[in-house]
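Descriptive analysis of the structure
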Amino acid sequence: MGAVSHAKRSWVLVLALGLSCLGLGGCEDEQATRIVTLGSCANSGDCSLGEYCIESACTQGGTRSCGSAEECPDGWRCEAGACAAAVTVEATPEAGGEATDSVSGLKIVIPPGALSSPQTIVAYQNHAVNSAPVTGLHRASNRSVGSVTFEPEGLTFSQPVMVSIPIPGGVLRDSVPQAVLLYDSAANDWKQATTSDGSPIWGTTYGGAGQHVLFATDHFSTYSVPSFHSAFDTRVT
């Protein structure tokens with residue numbers, strides 16, 4: 001009973017962080033990715049959180065092309081020809097685990113008691129699936145943003161795991177509810193993400209120019225968000 005109550009409080013914490021844009025028409029005027037040059041740098045360590053060093057300039061937004069991981073910040077991958085943030089954590093049932101990428105802000109927090117056995121947890125930006133269509137929205141969204149794959153795929157938790165995914169270019173508005181998408185590899189599309197009991201997963205956007213979406217989940221998959229705030233259609237599509 002205690003674990004269930006803790007989980008419910010965690011879902012409510014995420015959902016209660018903002019309600020100002022839900023259902024309003026003014027939430028899609030920042031869809032275009034903006035690239036802002038903020039200062040000179042030798043590498044991404046010279047830049048602020050959420051900024052990347054691209055061509056000697058701290059840059060918010062966009063992606064850096066690559067042919068191999070050696071061309072990306074330390075610990076990152078080269079996915080679909082673009083540098084992709086990645087984190088790995090060795091988590092245990094007793095202690096849980098936590099990892100944050102210092103460049104992008106990609107973060108995962110696994111609380112004690114969430115796992116039944118030790119696990120090697122991996123999370124990485126998955127650029128290859130951003131172009132898949134988004135289904136089930138009241139208003140059409142032409143793309144998803146911020147796709148991150150969490151592995152082992154399908155791993156479930158007895159308590160909610162908190163994750164924060166970076167969103168390029170500040171394309172969303174801060175402190176409002178944000179629908180979370182789940183990638184369906186069989187259909188090659190994005191749908192509303194749900195918990196194991198079928199409850200929709202919502203997060204909140206924060207961080208200003210260096211944006212992130214924070215949400216809780218009880219299972220691992222590939223997640224993203226639509227390129228603007230929108231309620232999901234409850235009708236079958």
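None of these values were measured; they are calculated from a predicted model.

Calculation criteria
- Residues numbered from 1 in each chain as written.
- Predicted model: local features only at pLDDT ≥ 70, side-chain atom pairs only at ≥ 80, totals over all residues.
- Heavy atoms only, no water.
- Helix = DSSP H or I, 4+ residues; strand = E, 2+ residues; numbered from the N terminus.
- Contact = heavy atoms within 4.5 Å.
- Areas by Shrake-Rupley, 256 points an atom, 1.4 Å probe, with all protein chains shown as cover.
- Disulfide = S-S within 2.5 Å.
- Buried < 20%, exposed > 50% of the residue type's maximum accessible area, 1.4 Å probe, protein only.
- Pairing = 2+ DSSP bridges.
- Axes fitted to C-alpha atoms, helices over the stretch in contact; angles between N-to-C directions.
- Phe/Tyr/Trp six-rings, centres within 6.5 Å; stacked < 30°, edge-to-face > 60°.
- Lys NZ or Arg CZ within 6 Å of the ring centre and 35° of its normal.
- Core = buried A, V, L, I, M, F, W, Y, C linked by side-chain atoms within 4.5 Å.

Secondary structure summary: the chain contains one helix and 17 strands in total. For the chain, contacts bridging at least 24 residues in sequence account for 65% of all contacts bridging at least 6. When the accessible surface of the chain is totalled, it reaches about 10,800 Å², and 54% of it is carbon and sulfur.

On to the state of the cysteines. A complete count under the given rule lists two disulfides for this structure. At a sulfur-sulfur separation of 2.1 Å, the disulfide partner of Cys66 is Cys78. Because the torsion about its S-S bond is 105°, the bridge between Cys66 and Cys78 counts as right-handed. Separated by twelve residues along the polypeptide, Cys66 in the loop between strand E3 (57–60) and strand E4 (77–79) and Cys78 in strand E4 bring together distant segments of the chain. With relative accessibility at 12%, the residue Cys66 sits in the buried group. Relative accessible area serves as the criterion here: at 25%, Cys78 is assigned to the partly exposed category. The side chain of Cys72 participates in a disulfide bridge whose partner is Cys83; the two sulfur atoms lie 2.1 Å from each other. Disulfide Cys72-Cys83: the torsion about the S-S bond is -85°, which places it as left-handed. Note that Cys72 is positioned in the loop between E3 and E4 and Cys83 in strand E5 (residues 82–84), a separation of eleven residues in sequence. Owing to a relative accessible area of 9%, Cys72 belongs among the buried residues under this scheme.

To continue, consider the sheet that holds strand E16 (residues 212–219). The strands that make up a sheet pair up through hydrogen bonds in the backbone, lying either parallel or antiparallel. Taken together, the six strands give an open sheet; going across it, the order is E7-E8-E11-E16-E15-E12, and neighbouring strands pair in antiparallel fashion. If you trace the sheet from one side to the other, it starts and ends with strand E7 (97–100) and strand E12 (177–179), each paired once. Pairs of neighbouring strands in the sheet enclose a mean axial angle of 25°, with direction left out of account. As judged from the three bridges shared by E12 and strand E15 (residues 202–206), these two strands associate in the antiparallel manner. Across the sheet, Gln178 pairs through a bridge with Gly203, a residue of E15.

Attention now goes to the packing of aromatic side chains. Working definition: an aromatic ring pair is given by the centre-to-centre distance plus the angle between the planes. Going through the model one piece at a time under the given rule, you end up with five aromatic pairs. Plain terms: the ring middles of Phe215 and Tyr223 are 5.4 Å apart, the flat faces sit at 65° to each other, and that makes the pair edge-to-face. Judged by relative accessible area, Tyr223 falls into the buried class, the value being 0%. Feature note: the residues Phe150, Phe157, Phe215, Phe220 and Tyr223 constitute an aromatic cluster, connected by ring pairs. The ring centre of Tyr124 lies 4.0 Å from the NZ or CZ of Arg77, which sits over that ring.

A few words on the nonpolar core. Ranked by size, the top nonpolar core spans 34 residues in total, and within it Ile108, Ile110, Ile121, Phe150, Phe157, Ile165 and Phe215 carry the most contacts. Looking at which element gives the most residues to this core, the answer is strand E11 (residues 156–166), with four residues. For Phe150, the contacting residues outside a window of four places in its chain are Ile108, Val122, Ala123, Val163, Ile165, Phe220, Ser221 and Tyr223. Val134, Leu181, Tyr183 and Trp190 belong to the second largest nonpolar core, which has six residues in total.

Let's shift gears to the sheet that holds strand E6 (residues 86–91). Spatially, six strands are ordered E6-E9-E10-E17-E13-E14 in an open sheet, and the strand pairing comes out antiparallel. Strand pairing shows two members of the sheet lacking a second neighbour, E6 and strand E14 (189–192), which therefore form its edges. Neighbour-to-neighbour, the strand axes of this sheet turn through a mean angle of 30°, independent of strand direction. Relative to strand E17 (residues 222–226), strand E10 (residues 144–151) runs antiparallel, the two sharing four bridges. From the neighbouring strand, Val148 faces E17, where its bridge partner is Tyr223.

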